[in-house]
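# Architecture and fold: a report
This is what each chain is made of:
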Amino acid sequence: MNSTATSPEASRPLLTLKGIEKRFSLSGDFLEQLQFKGGKLVRHQEHVHAINGVDLDIQRGEALCVVGESGCGKSTVARTVMGLITPSAGEVHYDGERIDNLSTKQLLPYRRRMQMIFQNPYASLNPRMTIQQTLEEPIRLHHPDWSNQAVKDKVSEVMTSVGISADWGPRYGHEFSGGQRQRIAIARALAVDPEFIVADEPISALDVSIQAQVLNLLMEAQQRSNLTYLFITHDLAVVEHFGTRVAVMYLGRVCEVAPTATLFSRPRHPYTQALMSAIPRLEDDRPQHIRLEGEVPTPVNLPSGCVFHGRCPHADERCRQEIPALIATDDGGQVACHAVEEGRIG
Ligand SMILES: Nc1ncnc2c1ncn2[C@@H]1O[C@H](COP(=O)(O)OP(=O)(O)OP(=O)(O)O)[C@@H](O)[C@H]1O
Ligand code: SF4
Ligand SMILES: [Mg+2]
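Worth saying up front: this structure is predicted, and the values here are computed from it rather than measured.

Next up on the list: the site of ligand 1. Looking at ligand 1, the residues that line it are F24, V48, A50, E69, S70, G71, C72, G73, K74, S75, T76 and P299. Taking S70, its side chain carries an N or O atom lying 2.5 Å from an oxygen atom of ligand 1. Separating an oxygen atom of ligand 1 from a backbone N or O atom of G71 is a distance of 2.8 Å. For ligand 1, whose free accessible area comes to 630 Å², the fraction covered by protein is 65%. For the shell around ligand 1, the elements supplying multiple residues, two or more each, are β4 (47-58) and α3 (74-81). If you tally residues by element for the shell around ligand 1, the top one is α3, at three residues. Of the residues that constitute the shell around ligand 1, the class distribution is five nonpolar, five polar and two charged.

Right under this line is the structure:
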């Protein structure tokens, strides 16, 4: 019998975000913030509210996709999870331990367990390093006791696993195509045997013809090594193919989380419904394409209440006043919408 199946380690989320907020200052340093108003010196501060109270659990072995339009805060969530930026409020917990307040040294073991793959494979490989050096670097950092031979064997193993010949180690990144570079970036992430991978739009910069290959490679790696993914994309076809669950974001907040099949068959949040209605389908018996009125508001001056109220066909006075919390639905998801909670909409 598998003894880990019921252990607390197996049942607790691998990653938890609790009330994460991130504000970026737009007003420069202290002196630049000072302004004369009505004969007085006043301090003027302006912020971009990139994420505004994100709560999310990621379970072991799942591929949680985060979707939402440009600027809604997806990359900020990814970078906060990886410790690349410090949240303005809230906590990040990894495998039961709080990690957002750790020093660089304390974070090192987590840096091995969590790896990130970026969107742009042209920017993510150091042009001055050969592929062999690029892949050896993280292995030597995290396994300083390994022999040269052990490091080289590991490099050959990961290169082969991503479909790049191990003989190409002495070459430089610029000698490879975009798809091959992204394979090398994936090999670099896999070289230290991580358990969790954050992938921020990992295929959107690639030619359409090779996107599926790279996506399949990520899925094979997941099965082979039982990886957990936080996968960011704006492509709903990719979500349907890749994701076990989906989190939909709008203006720095999560508006709905649900198992992929549930989200596609029965989107609950009005924003998710609008997103889903935009996907063309052959067997189309669904309601007409929902056209949203207006523009996404700026994250500098956030709307009061529900951040979606200005564009939502179901908004009422409560929506304009009160921020809706994520609440559990009867089909295994969570939705942040007063109208769903009140039963005004399905
Ligand atoms: N370093 C920064 N300084 C100031 N504003 C920032 C910074 N990083 C992100 N932002 C702002 O925060 C908001 C969220 O940005 P983020 O990059 O997380 O969005 P995204 O969902 O990843 O968008 P995209 O789909 O275009 O990649 C945007 O308004 C963006 O302009
Ligand atoms: S809370 Fe109100 S405004 Fe927001 S999505 Fe629900 S109905 Fe629309
Ligand atoms: Mg982004």
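Back to the write-up after that little detour.
Once that is clear, we can look at the UniProt feature "domain: ABC transporter" (unreviewed entry) in the chain. Following the UniProt record, one finds the feature "domain: ABC transporter" (unreviewed entry) at residues 36-276. With 39% helix and 24% strand, residues 36-276 has its two end C-alpha atoms placed 49 Å apart.

One pass over the full model with this rule turns up 23 salt bridges. The residue R23 makes a salt bridge to E21 at a minimum N-O spacing of 3.0 Å. A relative accessible area of 31% means that R23 is categorised as partly exposed. E21 gets classed as partly exposed once you look at its relative accessible area, which sits at 28%. Among the salt bridges present, the one from D330 reaches R266, with a minimum N-O distance of 3.9 Å. Note that D330 is positioned in the loop between β13 (327-328) and β14 (334-335) and R266 in the loop between α10 (260-265) and α11 (270-277), a separation of 64 residues in sequence. What makes R266 partly exposed here is its relative accessible area of 37%. The network of salt bridges with common partners includes D316, R318, E322, E341, E342 and R344.

This part takes up the packing of helix α5 (residues 131-142) against helix α7 (residues 178-190). Put simply, α5 and α7 touch, their axes get as near as 8 Å, and they point 25° apart. Overall, the two elements α5 and α7 adopt an arrangement that is roughly parallel. Between α5 and α7 lies a crossing of right-handed hand. Contacts from I131, T134, L135, E137 and P138 in α5 reach I184, A187 and R188 in α7.

The next point concerns the side chain of N52. Among the structural elements, N52 can be located in strand β4. Judged by its relative accessible area of 11%, N52 is buried. A distance of 3.0 Å separates a polar side-chain atom of N52 from the backbone oxygen of L251.

We now examine the nonpolar core. Residues I186, L190, Y229, F231 and F242 are the most contacted members of the largest nonpolar core, which totals 52 residues. Other than its neighbours up to four places away in sequence, Y229 contacts I58, E62, A63, L64, F196, I197, L218, A221, Q222 and F242. Listed in part, the 30 residues of the second largest apolar core include L15, L64, V66 and Y94.

Thresholds applied
Residues numbered from 1 in each chain as written. Chains lettered and ligands numbered in written order. Predicted model: local features only at pLDDT ≥ 70, side-chain atom pairs only at ≥ 80, totals over all residues. Heavy atoms only, no water. Near = heavy atom within 4 Å. Polar contact = N/O pair within 3.5 Å; in protein donor to acceptor, adjacent residues only side chain to side chain. Areas by Shrake-Rupley, 256 points an atom, 1.4 Å probe, with all protein chains shown as cover. Helix = DSSP H or I, 4+ residues; strand = E, 2+ residues; numbered from the N terminus. Nonpolar A, V, L, I, M, F, W, Y, C, P; charged D, E, K, R; others polar. UniProt positions renumbered as here; feature names shortened; annotations may be inferred. Salt bridge = Lys/Arg side-chain N within 4 Å of Asp/Glu carboxyl O. Buried < 20%, exposed > 50% of the residue type's maximum accessible area, 1.4 Å probe, protein only. Axes fitted to C-alpha atoms, helices over the stretch in contact; angles between N-to-C directions. Parallel < 35°, antiparallel > 145°, perpendicular 65-115°, else oblique. Left-handed = near helix turned anticlockwise from the far one by under 90°. Contact = heavy atoms within 4.5 Å. Core = buried A, V, L, I, M, F, W, Y, C linked by side-chain atoms within 4.5 Å.

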